[in-house]
Amino acid sequence: MSDPNPIPPNPASIPQPAAAARNTARAQGRTARLVLIALGVLFILVMLVLPLITVCVYALKQGWDVFSNAITDPYAIKALQLTLLATAAAVICNTVFGLFASWTISKFHFRGKQFLTTLIDIPFAISPVIAGLVFILVFGRIGWAYDFLQAHDLKVVFAVPGVILATIFVTFPFVARELIPLMQAQGSDEEEAAALMGAGWWTIYRKITLPHIKWGLLYGIILCTARALGEFGAVSVVSGHLRGKTNTLPLHIEILFSEFQLTAAFAVSSILVAAAIIILILRNIVEFKGRKEEHEHVR
Amino acid sequence: MYVELRQVDKAFKGYKALDDVSFSIEKGKLVGLLGPSGSGKTTILRTLAGLVHPDSGDIYIDGQRVNDVPASKRGIGFVFQNYALFRYMTVFDNIAFGLTVEKKDKAFIRERVNQLVDLVGLQGLQSRYPHQLSGGQKQRVAFARALAPNPHLLLLDEPFAAIDAKIRKELRLWLRETISSLGITSIFVTHDQDEAVEVADEIIIVNRGRIEQKGNPADIYKEPSTPFAAQFIGESSVLAHYRTLKGFESYEGYDNAVIRPELIQIAKLGKQPYAHASEEGTVEDVFFRGSLIEVHVNVQGMRLIGYRSPEEAALAPGEPVSVLIYRLYLYNEDKVRLAENARLKDENTVFI
């Protein structure tokens with residue numbers, strides 16, 4: 001460092017008239033804003049919009065017939081059905097879990113609560129491939145539950161239950177994560193007041209807790225759905241890629257792609273893109289409504 | 001006795017929140033639990049309500065031991081500190097909640113809620129939500145909601161804490177009148193002694209999980225029975241030593257003393273009729289308080305606080321004055337007594 005103590009310029013000693021300085025500053029601010037906005041828009045165009053358009057363009061490149069053939073292909077339909085099944089299972093399972101977990105964590109005090117809250121986040125932190133491998137290690141031929149499953153004639157790995165389990169695993173935290181902060185913020189005063197007046201837990205839940213968390217719950221469900229529809233890594237490991245049996249839509253796309261059926265791959269992809277856009281719109285509606293209501297009721 | 005606690009103990013993680021708490025309350029009384037924050041007054045209230053379970057001791061309400069009666073079956077109305085109004089329900093639904101839970105029929109509920117809305121003066125606001133109400137209105141809703149199921153006992157946790165000072169006075173009066181017109185036995189918690197004195201028929205002073213004193217406000221004021229009560233009640237200041245003060249030389253067996261502004265008379269030098277019983281002091285500070293003037297005087301290195309009327313001649317800081325102390329409260333670890341200025345007494349006998 002040549003000058004360890006730079007003397008800041010004294011504002012009064014700056015020769016420029018103050019108004020001119022302010023004008024330059026404002027002009028600089030405007031330029032900076034324009035540049036930042038332009039960069040943002042450009043980035044979104046290149047990274048998000050362009051790929052989406054490419055998908056649609058590619059899907060329809062060889063005409064409508066090829067497109068409709070690709071998406072009405074029996075394997076594609078099977079894959080779509082399995083994806084929907086896994087998504088539904090994951091959403092139901094994780095919603096129920098999320099409701100219970102958030103209730104437990106926000107309304108009771110117990111040892112290890114912090115630990116439990118951390119555990120819920122594991123699927124966020126862990127790579128989906130590892131999640132898939134975990135299921136192979138537990139339920140697969142080398143897994144410790146294998147003998148038990150064999151004895152009861154149950155198939156998990158390389159079968160539909162494995163796909164569903166993997167989907168549930170990776171989407172596990174979404175609902176709980178949305179609800180826990182909401183319910184902690186609400187506190188338990190209102191519930192206590194209701195209980196004092198003789199209300200049962202179901203009445204309390206329905207009339208006091210649920211109205212408070214409903215938008216958060218919907219938001220969590222939407223995020224969970226989006227993630228479950230697109231899940232690839234974990235499912236890829238446990239599914240075994242059996243066409244028409246354990247292939248989900250993303251896996252089906254990958255197979256089509258690796259077989260150089262590019263148009264078909266993109267056609268099927270467009271189904272997921274459409275779903276994503278619908279989910280995005282729903283998400284925005286829910287977020288907007290939730291914010292509005294929160295604004296009204298929380299002081 | 002209508003409400004009674006007998007030797008109730010409660011510890012939270014080794015911290016004694018209630019320590020051998022016993023007291024009883026007559027039917028129809030409005031009682032204030034007064035104490036500094038963390039003294040256990042709210043815990044007493046929550047124990048009565050059944051929201052906290054005592055480690056030992058008995059709780060009686062209307063002659064029945066209620067330790068094992070769940071909170072919802074004790075017939076208690078509870079007004080929470082922050083009101084805990086159901087924020088997704090209208091004023092009407094809030095007040096109706098207790099009755100709805102009891103599955104009363106609709107017509108009855110409507111009639112009862114309207115009656116309560118009239119009682120608390122919230123006509124026309126039935127369909128508002130809590131966030132559309134002012135603090136005072138919220139408190140009235142909480143009050144009406146607690147009363148709706150016709151409780152035998154009404155508990156109020158710091159009912160005025162969340163209300164701004166100006167409306168607070170008005171609400172205190174209103175609450176007192178409403179409760180006494182209903183004749184419902186009520187207990188409220190407060191840390192504000194003005195509030196306790198103004199609202200309550202009877203005050204229970206709580207400190208460190210123990211009951212210090214119970215009695216009507218005037219008695220507690222005049223005859224504090226524990227050192228804590230003597231220091232806590234009134235605008236008391238503790239004196240470092242009292243035996244060097246004129247008229248208090250002969251009181252033995254006590255270590256400390258507290259004094260209150262109303263026990264002191266401050267006069268200009270030479271204007272003091274009982275000069276032989278008075279101390280000399282120097283004015284440190286003078287504060288104008290509207291209806292009175294607060295004067296801080298240094299006497300023998302101790303700061304005494306006294307009041308003067310704005311009608312009297314003004315005092316200036318640094319001015320020497322004559323300070324007459326009528327009475328002191330002397331206390332030890334465990335006992336308190338009132339000490340009169342002995343010279344004043346002698347004088348009286350001589351003159352009479």
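None of the values given here were measured: they were computed from a predicted structure. (Residues numbered from 1 in each chain as written. Chains lettered and ligands numbered in written order. Predicted model: local features only at pLDDT ≥ 70, side-chain atom pairs only at ≥ 80, totals over all residues. Heavy atoms only, no water.)

Draft legend 1. The overall build of chain A, seen in detail. When helices and strands are tallied, chain A shows 14 helices and 0 strands. Secondary structure elements in chain A, listed N-terminal to C-terminal, are α-α-α-α-α-α-α-α-α-α-α-α-α-α. Relative to its length of 299 residues, chain A is extended, with a C-alpha radius of gyration of 26 Å against a globular reference of 19 Å. C-alpha atoms of chain A, sized along the principal axes, occupy 90 × 70 × 45 Å. The buried share among the 299 residues of chain A stands at 37%. A sequence separation of at least 24 residues applies to 72% of the contacts in chain A between residues at least 6 apart. (Helix = DSSP H or I, 4+ residues; strand = E, 2+ residues; numbered from the N terminus. Rg over C-alpha atoms; globule rule 2.2 N^0.38 Å. Buried < 20%, exposed > 50% of the residue type's maximum accessible area, 1.4 Å probe, protein only. Contact = heavy atoms within 4.5 Å.)

Draft legend 2. Examining the nonpolar core more closely. Grouped together as the largest cluster of nonpolar side chains are 44 residues, with contacts concentrated most on Ile-95, Phe-143, Leu-154, Leu-156, Ile-179 and Ile-205 of chain B. Broken down by element, the residue count for this core peaks at 6 residues, all from helix H4 (residues 135–147) of chain B. Leaving out residues up to four positions away in the same chain, Leu-154 of chain B has contacts with Gly-77, Val-79, Phe-143, Ala-146, Leu-147, Ile-179, Ile-184, Thr-185, Ser-186 and Ile-187 of chain B. Ranked by size, the runner-up nonpolar core spans 40 residues in total, among them Met-197 of chain A together with Val-3, Leu-45 and Ile-187 of chain B. (Core = buried A, V, L, I, M, F, W, Y, C linked by side-chain atoms within 4.5 Å.)

Draft legend 3. Fine view of the interface of chain B and chain A. Taken together, the 22 residues of chain B in the interface contact 21 residues of chain A. Surface buried jointly by chain B and chain A totals about 2100 Å² across both partners, of which 65% is contributed by carbon and sulfur atoms. Here chain B is connected to chain A by 2 salt bridges. For Glu-192 of chain A, the salt bridge identified is with Arg-46 of chain B, shortest N-O distance 2.7 Å. The tally of links from chain B across to chain A stands at 3 residue pairs in polar contact (both at pLDDT 80 or more). Those elements giving two or more residues to the side of chain B that touches chain A turn out to be helix H1 (41–49), helix H2 (91–101) and H4 of chain B. (Buried area = accessible area lost by both parts, 1.4 Å probe. Salt bridge = Lys/Arg side-chain N within 4 Å of Asp/Glu carboxyl O. Polar contact = N/O pair within 3.5 Å; in protein donor to acceptor, adjacent residues only side chain to side chain.)

Draft legend 4. The arrangement of the sheet that holds strand E2 (residues 15–25) of chain B in detail. Residues and elements named next belong to chain B. The 4 strands lie next to each other as E2-E1-E4-E5, forming an open sheet whose pairing is antiparallel. Strand pairing shows two members of the sheet lacking a second neighbour, E2 and strand E5 (64–65), which therefore form its edges. Bridge analysis of strand E1 (residues 3–12) against E2 gives 7 bridges, and the strand direction is antiparallel. Residue pairing for E2: Glu-4 is matched across the bridge by Ser-24. Against the sheet, H1 contacts E1, E2 and strand E4 (56–61), and its axis sits at roughly 65 degrees relative to E2. (Pairing = 2+ DSSP bridges. Axes fitted to C-alpha atoms, helices over the stretch in contact; angles between N-to-C directions.)

Draft legend 5. Here's a closer look at empty space enclosed by the protein. Residues and elements named next belong to chain A. For the structure shown, the criterion picks out 1 cavity of 30 Å³ or more. In this structure, the largest cavity encloses a volume near 40 Å³. In terms of lining, the largest cavity is formed by Thr-83, Ala-86, Thr-167, Ala-228, Leu-229, Glu-231, Val-235, Thr-248 and Pro-250. Looking at the lining of the largest cavity, the elements that each hand over two or more residues are helix H3 (74–107) and helix H11 (201–230). The residue inventory of the lining of the largest cavity, partitioned by class, reads 5 nonpolar, 3 polar and 1 charged. (1 Å grid on protein atoms, 1.4 Å probe; cavity = no way out; pocket = protein on both sides within 12 Å on 5 of 7 lines; lining within 4 Å. Points joined across faces, edges and corners; volume = space filled by probe spheres on them. Nonpolar A, V, L, I, M, F, W, Y, C, P; charged D, E, K, R; others polar.)

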